[in-house]
Amino acid sequence: MSEFIQLYGESTKTALGFFWKSGWAFILGYFVSGMIQAFVPKGKMTKYMGDADFKSISLSTLFGSASSSCSFAALAAARSLVKKGAHFVAAVAFMFASTNLVIELGILIMIFLGWQFLLAEIIGGLVLILISSILIKLTYPQKWIHHAREKLEDEDEAMSDDFNWKERITSKKGWHLVGQKFVNDWKMAWEDILIGFTIAGFVAVLVPESFWSSLFLVDATGIPDWLVTLENALVAPFVAGATFIGSMGNIPLATVLNENGVLFAGIMGFIYSDLMVPPLVHINAKYYGWKVALYIAGIMFVSIVATALILNAGFSFFGIIPDSAKAVQDVTQFKIDYTFWMNMVFLFVTGGMIYLYKQHKKHHGSGMDMQMDGGGKIKKAAVTLFILINVVGILAFGYSTLIN
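Everything numeric here is computed off the predicted structure, so don't read it as measured data. (Residues numbered from 1 in each chain as written. Predicted model: local features only at pLDDT ≥ 70, side-chain atom pairs only at ≥ 80, totals over all residues. Heavy atoms only, no water.)

**Some thoughts on the overall build of the protein**
In terms of helices and strands, the protein carries 18 helices and zero strands. Counting all 404 residues of the protein, 54% fall into the buried class. Look at the contacts in the protein between residues 6 or more apart in sequence, and 86% of them connect residues 24 or more apart. Carbon and sulfur atoms make up 67% of the accessible area of the protein, which amounts to about 18300 Å² in all. (Helix = DSSP H or I, 4+ residues; strand = E, 2+ residues; numbered from the N terminus. Buried < 20%, exposed > 50% of the residue type's maximum accessible area, 1.4 Å probe, protein only. Contact = heavy atoms within 4.5 Å. Areas by Shrake-Rupley, 256 points an atom, 1.4 Å probe, with all protein chains shown as cover.)

If you want it as structure tokens, here you go:
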């Protein structure tokens, strides 16, 4: 029993350590994202996204990288783009960019995995968009997409804003809006972060290395290296889907895979697969119908595997494939270092953003607070459960520390 309590407490400590290590990065990322959303006019962009050409895809990629990294937000915004007349290719490009090319995700990858993975994330995000765009053009199900457009609900006016950014950036209203965007991003993402980081903490402590070795053929003998690489890239998206974790929550678990020897191609395939988790496929089904939702998932799967293999080949050619190096216990330690001071600084930033958000609500109401489909009652129950798991885990860690 005491061993169970110790493992339970250590799992919770690791989960909280993940968040401690990345807390300031989240705040910085959402602060920058809030400024981009508030001060970069996007209303005129959508009218140039009606074709499946380079200009349309480039604008969608730029638009996505300036948006929130929340997976549910990405799907809701992409739906709005389609409703406004954006081509389906552009909408998929937007989804990939808004979950793979945003600043907060890049900072997180740099902290947990290192510069090679950050470089791969940026290059791979663009390759992913290119491959998916080509695949959709080649297989475009025009009849399905036509029916999907008919299924869409009325457009949210929040996507149609247009303004003078110079005037807004020097106004109180503009900075109130930054606070509103910052808080909205946290409202959308905190549940995925909580679930993802908790799962990662418990997996890091409780799942033995032998499990990952068997699943990803880490110590397999007699199998060609190219076949092991292919297997890693093919299996990783299914592992990501099984976690039910959205975009920001899967980086700590990617760190666990990295520590346990999963190949570079497998880790990148895992990171890119955040839009393929079952709750998000279900949301797409609600928006477009099941045929289109499964079509999107199929396009994503093929694109992700191909991108992971291309990255593996390219990085191998240049000799920069990272080794499985960063130990989870080193990443998740609590100590007085740069992480401590950065968290303290950005705690004050958070306070400022909350103040601006309250000023926005006071002067402009809460009508612009984003509402979207999420995981429903099941996800709410899961969030409650995971909060309870962490509270009990903190008590277990305190108890095991005292008796030892």
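**Some words on the environment of Pro278**
You can see Pro278 is positioned in helix 14 (residues 278-288). Distance from Pro278 to Gly241, taken between C-alpha atoms, is 6.4 Å for residues 37 residues apart in sequence.

**Considering helix 12 (residues 250-259)**
Burial of helix 12 is extensive: nine of the ten residues sit out of reach of the surface. Burial in helix 12 covers these residues: Asn250, Ile251, Pro252, Leu253, Ala254, Thr255, Val256, Leu257 and Asn258.

**Some remarks on the packing of helix 4 (residues 88-100) against helix 6 (residues 115-139)**
When two helices pack together, their arrangement is given by the angle between the helix axes and the distance between those axes. Following both chains from N to C, one finds helix 4 and helix 6 inclined at 160°, their axes separated by 9 Å at the closest point. By the criterion of interaxial angle, the relationship of helix 4 to helix 6 is roughly antiparallel. The crossing of helix 4 and helix 6 is right-handed. Contact residues: helix 4 offers Phe88, Val89, Val92, Ala93, Phe96, Ala97 and Asn100, while helix 6 offers Glu121, Leu128, Ile129, Ser132, Ser133, Ile136 and Lys137. Here the contact of helix 4 with helix 6 is built from residues that sort into nine nonpolar, three polar and two charged. (Axes fitted to C-alpha atoms, helices over the stretch in contact; angles between N-to-C directions. Parallel < 35°, antiparallel > 145°, perpendicular 65-115°, else oblique. Left-handed = near helix turned anticlockwise from the far one by under 90°. Nonpolar A, V, L, I, M, F, W, Y, C, P; charged D, E, K, R; others polar.)

**What to know about the side chain of Ser11**
Residue placement: Ser11 occurs in helix 1 (residues 2-39). A distance of 2.8 Å separates a polar side-chain atom of Ser11 from the backbone oxygen of Leu7. Setting aside chain neighbours within four positions, we find Ser11 in contact with Gly201, Phe202, Val205 and Leu206. (Polar contact = N/O pair within 3.5 Å; in protein donor to acceptor, adjacent residues only side chain to side chain.)

**Some details on the packing of aromatic side chains**
The tally for this structure, following the rule as stated, stands at 19 aromatic pairs. Centroid distance Phe117 to Phe264: 5.4 Å. Interplanar angle 55°. Geometry classified as tilted. Note that Phe117 is positioned in helix 6 and Phe264 in helix 13 (residues 264-272), a separation of 147 residues in sequence. For the residue pair Phe117 and Phe264, the accessibility class agrees, reading buried in each case. On the basis of an interplanar angle of 85° and a centroid distance of 6.4 Å, the ring pair of Trp144 and Tyr295 is categorised as edge-to-face. Pair noted here: Trp144 is in helix 7 (residues 142-151) and Tyr295 is in helix 15 (residues 290-317), with a separation of 151 residues, a long-range link. Overall, the relative accessible area of 12% leaves Tyr295 in the buried class. Ring-pair connections join several aromatic residues into one group, and the members of that group are Phe4, Tyr8 and Phe202. (Phe/Tyr/Trp six-rings, centres within 6.5 Å; stacked < 30°, edge-to-face > 60°.)

**Describing a nonpolar patch on the surface**
Residues Met110, Trp115, Leu119 and Ile123 make up a contiguous nonpolar surface patch of roughly 360 Å² in combined accessible area. Tracing the backbone shows Ile123 in helix 6. Ile123 sits in the partly exposed class, given a relative accessible area of 37%. (Patch = residues over 30% accessible without salt bridge, like charges linked within 9 Å, V, L, I, M, F, W, Y side chains within 5 Å. Salt bridge = Lys/Arg side-chain N within 4 Å of Asp/Glu carboxyl O.)

**Quick word on the environment of Trp24**
Along the chain, the position of Trp24 falls in helix 1. Expressed as a C-alpha distance, the spacing of Trp24 and Trp341, which sit 317 residues apart in the sequence, is 9.2 Å. Each residue touching Trp24, except ones within four places of it in the same chain, is listed here: Ile107, Ile111, Tyr338, Thr339, Met342, Asn343 and Phe346.

**Re the environment of Lys181**
Mapping Lys181 onto the fold places it in helix 9 (residues 172-206). Along the chain, Lys181 and Gln37 lie 144 residues apart, while their C-alpha atoms are 7.2 Å from each other. Beyond its immediate chain neighbours, meaning those up to four positions away, Lys181 contacts Gly34 and Gln37.

**Quick look at the confidence of the model for the protein**
Of all residues in the protein, 88% attain a pLDDT of 70 or more, and the chain-wide mean is 83. Across residues 154-160, where pLDDT falls below 50, the model places 14 contacts with residues more than four positions away in sequence or in other chains. (pLDDT = per-residue confidence, 0-100.)

**A short note on helix 13**
For an α-helix the count is 3.6 residues per turn, leaving residues at separations of three or four pointing the same way. Among the nine residues that make up helix 13, nine are buried, leaving the element largely enclosed by the rest of the structure. Every buried residue belonging to helix 13 is among Phe264, Ala265, Gly266, Ile267, Met268, Gly269, Phe270, Ile271 and Tyr272, and all of these are buried. As for helix 13, its buried residues are in contact with helix 4, helix 6, helix 11 (225-243), helix 12 and helix 15.

**Quick look at the packing of helix 12 against helix 13**
Closest axis-to-axis distance for the helix 12/helix 13 pair is 10 Å, and the angle between their directions is 165°. Taken together, helix 12 and helix 13 sit at an angle that is classed as roughly antiparallel. Crossing of helix 12 against helix 13: the hand is right-handed. Contacts between helix 12 and helix 13 involve Asn250, Ile251, Leu253, Ala254, Leu257 and Asn258 from the first element and Ile267, Phe270 and Ile271 from the second. Classifying every residue of the contact of helix 12 with helix 13 by side-chain character gives seven nonpolar, two polar and no charged.

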